[in-house]
Amino acid sequence: MLTIEGLYGRYGDVTVLHDISLTVERGSFVSVVGVNGAGKTSLMKSIMGVEIKTHGKIRLEGEDISNWPTHRRVEAGITMVPEGRRLFPYMSVKENLEMGSYPSRSRKYRREGFDFVYSLLPKLKEREKQPAGSLSGGEQQMVALGRALMSRPRLLLLDEPFLGLAPIVVRQIRSLIPKLKNQGITLLMVEQNVASSLGESDWGYVMVNGSLVFEGKADDLLRSRDLHGVYLGV
Amino acid sequence: MDVKQEVRKLTPTVRPRIIGYGSVALLTVVLPFLLQSELYYLDTLILALLWASAAGAWNLAGGYGGLLSLGHAAFFGIGAYASSLMYVKLEVSPWIGMAAGAILAGVLGLVTGMVTLRMKGPFFALTTIAITEVLMIVAVNWSDLTNGSKGVNIPYHPGFSNIAFDSKIPYYFLALAICLIPFFIARWLERSRYGYELMAVRDNEAAAQALGIDSVRVKVGILVISSAITAVAGAFYAQYITVIEPYHEFSFAVSVQMVLITMIGGLGTKWGPIFGSLIVTGMDTFLRDVLVGAQGGVQALLYGLMLVLVVLFIPEGLIPWMKRRFRLKNGGVHNG
Amino acid sequence: MAEILAVQDLTKRFGGLTAVDGVTFTVNAGDILGIIGPNGAGKTTLFNLITGFLRPDRGTVIFRNQPITGWKAHRISRLGLTRTFQITKPFGNLDVRDNVAVAALRSTGSLKEARDVADEVLGFVGLESYRHHETDTLPIGLKKKLELAKALATRPSLLFLDEVMGGLSAEEVRDLIHVLHKIHDAGTTLVVIEHVLPVITELCNRVIVLHHGAMLTQGPSKEVLRHPEVVKAYLGEVHPDAHN
Amino acid sequence: GCLPEREANSNRVKIGVAFPTSGNLAKIGQSCTNGVEIAADLVNEQGIRPKIELVKVDVPDAVAAVHQVNRLILKEEIKVIVGTYSSPISMATSGITERNRVVLWEVAATDPRLTRQGFRYVFRPNPDAVLYGPATVRFLSEVVAPKLGLKKEEMRMALIHEDGDYGEGVAASTREAAKKAGIPIVEEIRYNAKTTNDLSSAILRLKRVQPDIINMVQYDTDAQLFWKQAKQLGLNAKVFIGNGAGQSSDNFGHTFGKAANGVLDTSSAIAVNPEALIPEMRQIEKTFIQRYKQKFGKEPDLIARLAFSSAYILFHDVIPKAGGDNPDKIRQSALSLDQPVGSTLVGWGVKFDKTGQNTRATLSVMQWQDGKLKVIYPENFKKSEPIMIPMSDGSER
Amino acid sequence: MILLQLLISGILIGGVYALISLGLTLVFGVMRIVNFVHGDLLMIAMYMAYWLFTLFGIDNYTGLLVIIPATAGLGALIYWGVLRFAVRRSHDASILATIGISIVLQNAALILWSADYRSINNELATRSVEWKGLHLSAPLLIAFGVAILVTLLLFAFLNHTYWGKAIRAASMDRYAAILMGVKPQQIFTLSFAIGTALVGIAGALLASVYTVYPTVGAQFLLVSFVVVVLGGLGSLRGAILGGLMVGIVESTSAYFIGSSMKELVYLLLFILILIVRPTGLFGQRLPEVDR
Ligand SMILES: Nc1ncnc2c1ncn2[C@@H]1O[C@H](COP(=O)(O)OP(=O)(O)OP(=O)(O)O)[C@@H](O)[C@H]1O
Ligand SMILES: Nc1ncnc2c1ncn2[C@@H]1O[C@H](COP(=O)(O)OP(=O)(O)OP(=O)(O)O)[C@@H](O)[C@H]1O
Ligand SMILES: [Mg+2]
Ligand SMILES: [Mg+2]
């Protein structure tokens, strides 16, 4: 689905991603873990082609998309749940979700999208008309997730999607992941909770200081001492 | 205190600085005497200093306080009117008028601050414009006090106590002194508790409040300071130009002048208004010199184009732009 | 133990929605109180009401025997009750150290002293290497730490923390819990909103559960987290001790 | 002032020309500049010495005026400045010129204060604002009252004027003159010409009092707005009389064409009956109009004529007689000037008093007739007979 | 009776204000650009109408067919040429930029067309509809009708089309909008072009009411800012109601208090309303402390 080769990323003169290579198989669930500031979000932004300047190859289904503008990548089926939610505060919950189905590819699924999101996150249905900016933090995070799902992504990038969500909601959404995979959605997730995120994913990467230093089957990684080394700063 | 450390601190950085500042100071002192035969350029310089003072005063509220007022002409006008009316009608020395104007403007600043507390961005800006317009209407219609739209014409009686001089040199030094007031206040803001509180409120009011900062006091305070100094500049303006009228003194154009100069120089920097004013006034003078006799409008057109170019190439303003360049040149790879 | 904060019948409505509904509780000096509840339960709103960022429709707040209901936020903060924000709010034009220095200025004489305090606090939360970093581009986890550092620098006697652990790795959470314990040992009372359950279990001696704006239950964390209603509304089916 | 005296009989003098040619006041400032330019062209072509060399500056407001006039004086070393039109600009300029012993030859501003500051080097060949009222009132009493069949005490007059310096000044003199003559003023409305987008409320007030005479002091845009809305709202009066500016502007005629017919205007800026002029002037008027059209592609408007006339006096008579630009000599030369009625383009002649005010400057009354503004009063200057007094009501207009 | 006439006059002039303000509220509220060029675009549109009429005898209503695309094009050009660089960096920069462009346009007009006051003298300009002793200015009546119509269309566009929503979304969070697949430059250019086309419509219609000259824009800029802010940034019904309110207050206070003071009344009212409602009448308000 997605292959990245020799990717560098920089903000201005500061290079934060170094020689990244990564593969995500279609229909799989891949996690990237790493301490704060390792560059996980930057990697996500690179795949979307926003804010960060990149150098290197990014391929989607074999096609080189590294020079595509963001909207083209979105049209091609990549969607991201951004760090910090980034809702449209003065728009209602419903309109926010609707913006999720903005890509022309997704517009025809709008109805189904609403049904799906509302059944998954019934709270949002309740708050349909409320301006998103006045929701509680967790509610906003739900909208951000729902909005991404509205686009019917082929590749879904999740940047700390569970931040601020109550355990019950996290549980619900986690339990949904196999279903999404069954629908053919490929997932790439960044999460702080190493244990649970690696535990459920098919493959994992560990990022340190802007480089991917380990990869492997998630279970193996979890058990490896290297991982703990990274986190304990050894 | 570790003496060695102190010494180390002094030697490498402070000395070139003292030399730098010293030569700038020396230049500013001798400059008017050098220009005595080029009085027109001295005049240009005085106007530049005048606008630098007004812009500097605006910058305290607009740049450091984030209160983007588009109505500072209100305070400028009050200063101009207070000093000249007191002089013309009551024969009070404009020095006293200047102080009175500053106090009056400070009070208006206080009221403006209180009234606009909850307003953000454009709402605040528009309210300040509205207040200026209101003052203009009052100045036009309250003709018993203000001479109405005729304005006030200040008779020329040279003398220190009248702030009227035969030579331009005293005007120069007075303008310089006024221009230094906001400069030193800005300098103080950059290293004082109040300044930090102000910048914190500017950047995020709620977060500042959570840290125990009284955002009302801080915001209103800077507005009072800024308006009082703006009024001093206004009073100087009246004495120098000798004619004031409501349509100009309370005009949007005057407010915008302060904003533009500051933005060109660099918002929230102490040198910004001074450099901005030197550039804007210098550019203006230069264009008029080059375009003598050209059709009206050509000069203004080029001035407008200059603003656009500034936006395209140095939108953050001159001083921050120079700082950035300087830092990069010095190989300062600022670490991420 | 002395009562430091007493909240009585606090209520706040937004249009038709009662976000906080007659909440009553007390905090004793030396407590570490946890507040949990489903998303939208009213936790943040409760913080806002107590710390002066919202006016309650009804109810009173008494802090150190002084009624502070309706006081302005900065006055409350100066009394020694500081809070953090769920969405971090750095001062964008100041660097990391100066962000903290602003907070320290309240209690110190000069900027220099404040910066020294800031350095100390930054070291404490593990941000020392970011001292001169600009704040806008800080990764989210570090922003949370900065938020905590600012609050600490005011030297509060009662500290309200709104989800400061979100976005931190398990190890960092552990470190930060350690930091909070130290703060607590130094005499600061803590009230913590958190969805990261280990924080609640390892840190708090008492937990309040909010649901639909009202208090569902309160008690020691272990007990509360077993409470069937809490499990149903907040945790989901499985037992919390299993994992996170 | 110990600058070396320049050669007295040098063959050319530099003259500063300072009008607002950009910004709000640009329309009139441009016309004035154009008029002055043609005056210099004509005088130079006549071979009169010293030759006139113009240095033009744009002075859109008082600050610019101070700066630019300083430039003219200090940098260009100019001793005579022709300007300035707007009252604050002229006041600011006169302060500087006087201090530097430079002549200010004011060709357009009407502020009475200008020549009452006790200045030695300010000259105004034009009338000041206080003359408007008496001129209008004289015309109303002598011409209008008989035509309306009313005694002048029975003619109810309403004033509507912009609240700037010009409107206030003229209105004050009109009020005073009317009071002296016993003409009752039944309504007075002031408004801000720069910001007014709607005059319907003012018109409704006028409608309510139903005056016989409506006296207007307006600039261009508001004059046109007023006239449009007056028609739309059916405002009728027997006489509509303006005071210079708005109603005497060529734009008023362009816009309304025949619909302007009957509107009167008291103004200094006159196109008098050539019969009233001495033959030499008649010729110059023709050349002026022709050259103006040639150079600027349009007819000179009245203010351009006025500026031309005043500048022509300076270039053609005053400076040659002074033999250069020495301000004191110019003062002598100007004060000695004694040109009878009919000897200047605008008709009224020149005789300065000690304050520098032209005592022969008078005002005339004009009327829009078939898209042209024609002098109808006083008798000796008039080009055509007054029509439409009283004015028929709106439906027939 | 007189009250009724005052009310009608107020409503009509209010319609004019509303019409001028629509484009401003779009650009100002939606894109957060404090657009000082707005008045000058009005001026350009009025000149277009004037020249179409003078040179080709096309009246200003037919002229809309030319003026709308022309002003939209000009708007797109201004956005592409300058503003897009300014908006990207900071909103303060956009103040500088728009003031700069404003100065350029005013003086270009001065140089090209001189400072002469020009106006269209077509039949309609001085016409009015008389109804039971009330006079309704014909050109203002048309302007009013158009204002209402345009508002409805614009409202529908912004709230019920993907493009409209994209405009709003991009204004609130450009980064997030990009993530949704919005092409921000295209969307911003579009909305700026729509904004200028709206002011183009206003200019064309007003060319038969007002005189045009290079600085005519200033006469309307302040009052349209007042209207837009009073109504609440970006709110269309705010612009309409704000316009009407200012118009009515203006006409009644001009009658009862004095023409010279009418602005005083509406400005004081404006300040008062903002003190009570700091985001304008219809401005959306989010909690001050977000979470
Ligand atoms: N817009 C930006 N401009 C400059 N530097 C940036 C920008 N965004 C991020 N950085 C820097 O890039 C580095 C990596 O940040 P990134 O956000 O990718 O980390 P992260 O792994 O996502 O951290 P976290 O887990 O806390 O979200 C950090 O040092 C950060 O300061
Ligand atoms: N200004 C407001 N207008 C309307 N509704 C609001 C407003 N502020 C909060 N709410 C609603 O009140 C409820 C309580 O919000 P609050 O932020 O207190 O929740 P919370 O418990 O902190 O949730 P979370 O865990 O998701 O942060 C939410 O449903 C929210 O949508
Ligand atoms: Mg991140
Ligand atoms: Mg919350």
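Above this text is the structure in question.
Every chain begins its residue count from 1, and numbering advances along the sequence as written. Chains carry letters from A onward and ligands carry numbers from 1 onward, assigned in written order. This being a predicted model, a pLDDT of at least 70 is required before a residue's local features are given, and a value of 80 or more before pairs of side-chain atoms are given or counted; all residues contribute to the totals for chains, interfaces and linings. With hydrogens and water stripped out, all remaining heavy atoms of the structure feed into the side-chain values.

S.K.: So what exactly am I meant to see when it comes to the overall build of chain C here?
M.R.: The way it works is that DSSP assigns letters per residue, a run of H or I at least four long becomes a helix, a run of E at least two long becomes a strand, and they are numbered from the N terminus. Across its full length, chain C carries nine helices and 10 strands. Computation of the radius of gyration draws on C-alpha atoms alone. For the globule rule, the value is 2.2 Å times the number of residues to the power 0.38. For chain C, the C-alpha radius of gyration of 18 Å lies close to 18 Å, the compact-globule estimate for 244 residues. Principal axes of the C-alpha set define a box for chain C whose edges measure 50 × 40 × 40 Å. Note on contacts: a residue pair qualifies if any of its non-hydrogen atoms lie within 4.5 Å across the two residues. At a minimum sequence separation of 6, the contacts of chain C that also span at least 24 residues come to 64%. Surface accessibility in these figures is a Shrake-Rupley result with a 1.4 Å probe; residues are shielded only by whichever protein chains are displayed. With the model as given, the accessible surface of chain C reaches about 9,100 Å², and the carbon-plus-sulfur share is 49%. Under the convention used here, Asp and Glu are negative, Lys and Arg are positive, and both His and the chain ends fall outside the count. By convention, the charge on Lys lies at NZ, on Arg at CZ, on Asp at CG and on Glu at CD. With 27 positive and 27 negative side-chain charges, chain C shows a spacing of 7 Å between the two charge centroids.

S.K.: When you look at the sheet that holds strand S1 (residues 3-14) of chain C in this model, what are you seeing that I'm missing?
M.R.: Residue and element names in this part refer to chain C. Strand order in the open sheet formed by four strands is S2-S1-S4-S5, with antiparallel pairing between adjacent strands. Edge positions in the sheet fall to strand S2 (17-28) and strand S5 (66-67), since each of these pairs with one other strand and no more. Note: strand S4 (residues 58-63) against S5, two bridges, orientation antiparallel. Directly across from Phe 63, in S5, lies its bridge partner Gln 66. Any two strands are treated as partners once DSSP identifies two or more bridges connecting them.

S.K.: Would you mind showing me how to read the coordination of the magnesium ion (ligand 4) here?
M.R.: Residue and element names in this part refer to chain C. Looking at the magnesium ion (ligand 4), one finds its protein donor set to be Thr 44 (OG1) and Gln 86 (OE1), positioned 1.9 to 2.3 Å from the metal centre. Of the two residues, Thr 44 is situated in helix H1 (residues 43-50) and Gln 86 in the loop between strand S6 (81-83) and helix H3 (96-105); the sequence distance between them amounts to 42 residues. Look at Thr 44 and you get buried, because its relative accessible area is 11%. Think of it in three bands: with a 1.4 Å probe and only protein chains considered, a residue is buried below 20% of the maximum accessible area for its type, exposed above 50%, and partly exposed in between. Taking the relative accessible area as the measure of exposure, Gln 86 reaches 8% and is therefore buried. Listed donors are limited to N, O and S atoms within 2.8 Å of the metal, widened to 3.2 Å for Na, K and Ca; water is not among them, so incomplete-looking sites are possible.

S.K.: Hey, could you run me through the sheet that holds strand S2 (residues 14-24) of chain A in this one?
M.R.: Strands in a sheet are paired, the pairing made by backbone hydrogen bonds, and the direction either parallel or antiparallel. Residue and element names in this part refer to chain A. Spatial ordering of the open sheet is given by S2-S1-S4-S5, a layout of four strands whose pairing is antiparallel. Both edges of this open sheet fall to S2 and strand S5 (63-64), since each of them pairs with a single strand only. By the bridge criterion, seven bridges tie strand S1 (residues 2-11) to S2 in an arrangement that is antiparallel. Within the sheet, the bridge partner assigned to Leu 2 lies in S2 and is Val 24. Every axis corresponds to a line fitted to the C-alpha atoms, with the helix fit spanning only the stretch in contact, and the corresponding angles, defined between N-to-C directions, vary from 0 to 180 degrees. Across the sheet, helix H1 (residues 40-48) is in contact with S1, S2 and strand S4 (53-60); its angle to S1 comes to roughly 110°.

S.K.: Please explain the packing of helix H2 (residues 39-64) of chain B against helix H13 (residues 272-290) of chain B as it appears in this structure.
M.R.: When two helices pack together, their arrangement is given by the angle between the helix axes and by the axis-to-axis distance. Residue and element names in this part refer to chain B. Where H2 meets H13, the closest approach of the two axes is 8 Å, and the angle between their N-to-C directions is 145°. Viewed along their axes, H2 and H13 form a crossing whose handedness is right-handed. Along its contact with H2, which presents Tyr 40, Tyr 41, Thr 44, Leu 45, Leu 47, Ala 48, Trp 51, Ala 52, Ala 55, Gly 56 and Asn 59, the element H13 presents Pro 273, Ile 274, Ser 277, Leu 278, Thr 281, Thr 285 and Asp 289. All amino acids are sorted into three groups, where Ala, Val, Leu, Ile, Met, Phe, Trp, Tyr, Cys and Pro are nonpolar, Asp, Glu, Lys and Arg are charged, and the leftover types, Gly among them, are polar. Of the residues in the contact of H2 with H13, the class split is 11 nonpolar, six polar and one charged. Crossings are assigned a handedness: left-handed for a near helix turned anticlockwise from the far helix by less than a right angle, right-handed for a clockwise turn.

Keep in mind that these numbers describe shape and distance, not what the molecule does.
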